[in-house]
Amino acid sequence: MTRPLSIAYSPCPNDTFVFDALAHGRVPDAPELAVTFADIDVTNGLAQRGELDVLKVSYAVLPWVLEEYALLPCGGALGRGCGPLVLTRQPGAVADLAGKTVAVPSERSTAYLLFRLWVAAEVPGGVGEVVVLPFHEIMPAVRDGKVDAGLVIHEARFTYQDYGLHCLADMGEHWELTTGLPIPLGAIIAKRSLGEPVLRGLAAAIRTSVRMAWDDPEASRPYVLEHAQEMDPKVTDQHIGLYVNEFTADLGEDGYAAVRGLLTRAAAEGLVPPLGRDALTFV
């Protein structure tokens, strides 16, 4: 490549930790990156419009973008015990959510897809209005009574009690109990038009960037903290420990099974278009 690859990912600690070495030119023979930071709802939209070379997106958006983009087998967020949470001001029963207003981070997010599958199974009559808010605005909205409940992701798992909120349900726990699979959250995709050599080189560079971050966590700390939105360093470390794991280095058999399982279930419920047979296949 003679030009930098345009890439967008979130300012969250897991993404800055993963991409630190690559974004700062410390990965040998890697492509240069032109980085944009954006919320997941924004990157999902960028992917649907085909605007950048490489993007961190929700797995839930893949059925709409895989014709133009390839799923990379590394760099994303899957895991166990790391699913989205439904939060309320007061403790209550799941059935109490029926007809209520719920804030979500994106209607094309994996969190929302997991939530819809859970609601279909657990909330008779379903919820009421769904309001899309940037993820950092959701807990204040629940606390202040602007919405009845909020679907939260990322570091909110560690901080929601600071807002006086209660966890009504854990979407990841429901997913793991019903499937036995890890929870697919965020994916790295790249334009197929970049060509096989560039895509393979990019995947290899991301894997190297992940391993470099694991080998020397302090090297990435300035980049992580710079973009962590005043997050407590202890929470930052918890966030990275939860969302950067073996699936980040390589999706592997269980990772691909989780992605396929989520999107197949969702398609069966009419929530997303069905995937083509080879849609998830890397180059």
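Refer to the structure printed above.
Residues numbered from 1 in each chain as written. Predicted model: local features only at pLDDT ≥ 70, side-chain atom pairs only at ≥ 80, totals over all residues. Heavy atoms only, no water.

Engineer: An account of the pairing of strand β3 (residues 54–58) is requested, with residue identities and associated values reported.
Structural biologist: In terms of burial, β3 is a largely internal element, five of the five residues being buried. Pairing of strand β1 (residues 5–9) with β3, which is carried by two bridges, proceeds in the parallel orientation. Note on β3: the bridge partner recorded for alanine 8 is leucine 55. Pairing of β3 with strand β11 (residues 183–191), which is carried by five bridges, proceeds in the antiparallel orientation. Opposite serine 58, over in β11, you have glycine 186 as the bridge partner. (Buried < 20%, exposed > 50% of the residue type's maximum accessible area, 1.4 Å probe, protein only. Helix = DSSP H or I, 4+ residues; strand = E, 2+ residues; numbered from the N terminus. Pairing = 2+ DSSP bridges.)

Engineer: Hey, could you go over the sheet that holds strand β8 (residues 130–132) for me, with residue numbers and the actual values?
Structural biologist: As a general point, the strands of a sheet are linked pairwise by backbone hydrogen bonds and lie either parallel or antiparallel. The mixed open sheet is built from five strands, whose spatial order is β8-β7-β9-β6-β10. Each edge of the open sheet is held by one strand with a lone partner, namely β8 and β10 (166–170). The average angle at which neighbouring strand axes cross in this sheet is 30°, direction not considered. Seen against the sheet, helix α4 (residues 110–122) touches β6 (85–88), β7 (102–104), β8, β9 (149–152) and β10 and runs at an angle of roughly 125° to β9. (Axes fitted to C-alpha atoms, helices over the stretch in contact; angles between N-to-C directions. Contact = heavy atoms within 4.5 Å.)

Engineer: Quick one: what's the story with the packing of aromatic side chains, residue by residue and with numbers?
Structural biologist: In total, this model carries five aromatic pairs according to the counting rule given. Ring geometry for tyrosine 112 and phenylalanine 115: centres 6.2 Å apart, planes at 25°, overall stacked. Of this pair, tyrosine 112 and phenylalanine 115 both sit in helix α4, three residues apart, which is roughly one turn of the helix. Neither residue differs from the other here; tyrosine 112 and phenylalanine 115 are each classed as buried. Arranged with centres 6.0 Å apart and planes meeting at 35°, the rings of phenylalanine 115 and tryptophan 118 form a pair that is tilted. In this pair, phenylalanine 115 and tryptophan 118 both sit in helix α4, three residues apart, roughly one turn of the helix. Residues phenylalanine 115 and tryptophan 118 agree in their burial class; the two are buried. Every member of this aromatic cluster is reached through a ring pair, and the members are Tyr9, Phe19, Phe37 and Tyr223. Its guanidinium or amino end placed over the ring of tryptophan 64, arginine 108 lies 3.6 Å from that ring's centre, counting from NZ or CZ. (Phe/Tyr/Trp six-rings, centres within 6.5 Å; stacked < 30°, edge-to-face > 60°. Lys NZ or Arg CZ within 6 Å of the ring centre and 35° of its normal.)

Engineer: Please provide a residue-by-residue account of the nonpolar core, values included.
Structural biologist: Counting 88 residues, the largest nonpolar core has Leu62, Phe115 and Ile206 as its most contacted members. With residues near it in sequence (within four places) discarded, isoleucine 206 still touches Val18, Phe19, Leu22, Leu72, Cys74, Gly75 and Ile188. Counting 13 residues, the second largest nonpolar core, distinct from the first, contains Val142, Ala156, Tyr160 and Leu165. (Core = buried A, V, L, I, M, F, W, Y, C linked by side-chain atoms within 4.5 Å.)

Engineer: Kindly report on helix α8 (residues 196–215), identifying the contributing residues and their values.
Structural biologist: Between the first and last C-alpha of α8 there are 29 Å, a value that for 20 residues agrees with the 28 Å anticipated at 1.5 Å per step. Turning to α8, its buried residues are Val198, Leu199, Leu202, Ala203, Ala205, Ile206, Arg207, Ser209, Val210 and Ala213. (Expected span 1.5 Å × (residues − 1).)

Engineer: An account of the environment of glycine 83 is needed here, citing residue identities and associated values.
Structural biologist: Looking at where glycine 83 falls in the secondary structure, it is placed in the loop between β5 (77–79) and β6. On the basis of relative accessible area, glycine 83 is assigned to the buried category, the value being 4%. Spatially, the C-alpha atom of glycine 83 lies 27 Å from that of alanine 205, the residues being 122 residues apart in sequence. Among all residues touching glycine 83, those that are not within four sequence positions of it are Arg157, Asp170, Gly172 and Ile183.

Engineer: Lay out α4 with the relevant residues and their values.
Structural biologist: For an α-helix, 3.6 residues make a turn, and residues three or four places apart therefore share a direction. Its 13 residues place the ends of α4 18 Å apart at the C-alpha level, agreeing with the 18 Å of an ideal helix rising 1.5 Å per residue. What α4 keeps buried is the set Thr110, Ala111, Tyr112, Leu113, Leu114, Phe115, Leu117, Trp118 and Val119.

Engineer: Describe the pattern of salt bridges, naming the residues involved and giving the relevant values.
Structural biologist: For the structure on display, the rule yields 12 salt bridges. Among the ionic pairs, arginine 3 bridges to aspartate 53, the shortest N-O distance being 2.7 Å. Here aspartate 53 lies in the loop between α2 (40–49) and β3 and arginine 3 lies in the segment before β1, a separation of 50 residues in the sequence. The exposure class of arginine 3 is partly exposed, given its relative accessible area of 41%. Exposure remark for aspartate 53: the relative accessible area of 7% places this residue in the buried category. (Salt bridge = Lys/Arg side-chain N within 4 Å of Asp/Glu carboxyl O.)

Engineer: Please set out the packing of α4 against helix α7 (residues 171–179) residue by residue, giving values where relevant.
Structural biologist: Two elements in contact, α4 and α7, have axes whose closest approach is 10 Å; the angle formed by their N-to-C orientations is 70°. Considering the angle they form, α4 stands roughly perpendicular to α7. Residues Leu114, Phe115, Trp118, Ala121 and Glu122 of α4 form the contact with α7, whose own contacting residues are Met171, His174 and Trp175. Here the residues of the contact of α4 with α7 are counted per class, giving six nonpolar, one polar and one charged. (Parallel < 35°, antiparallel > 145°, perpendicular 65-115°, else oblique. Nonpolar A, V, L, I, M, F, W, Y, C, P; charged D, E, K, R; others polar.)

Purely geometric numbers; function is a separate question.
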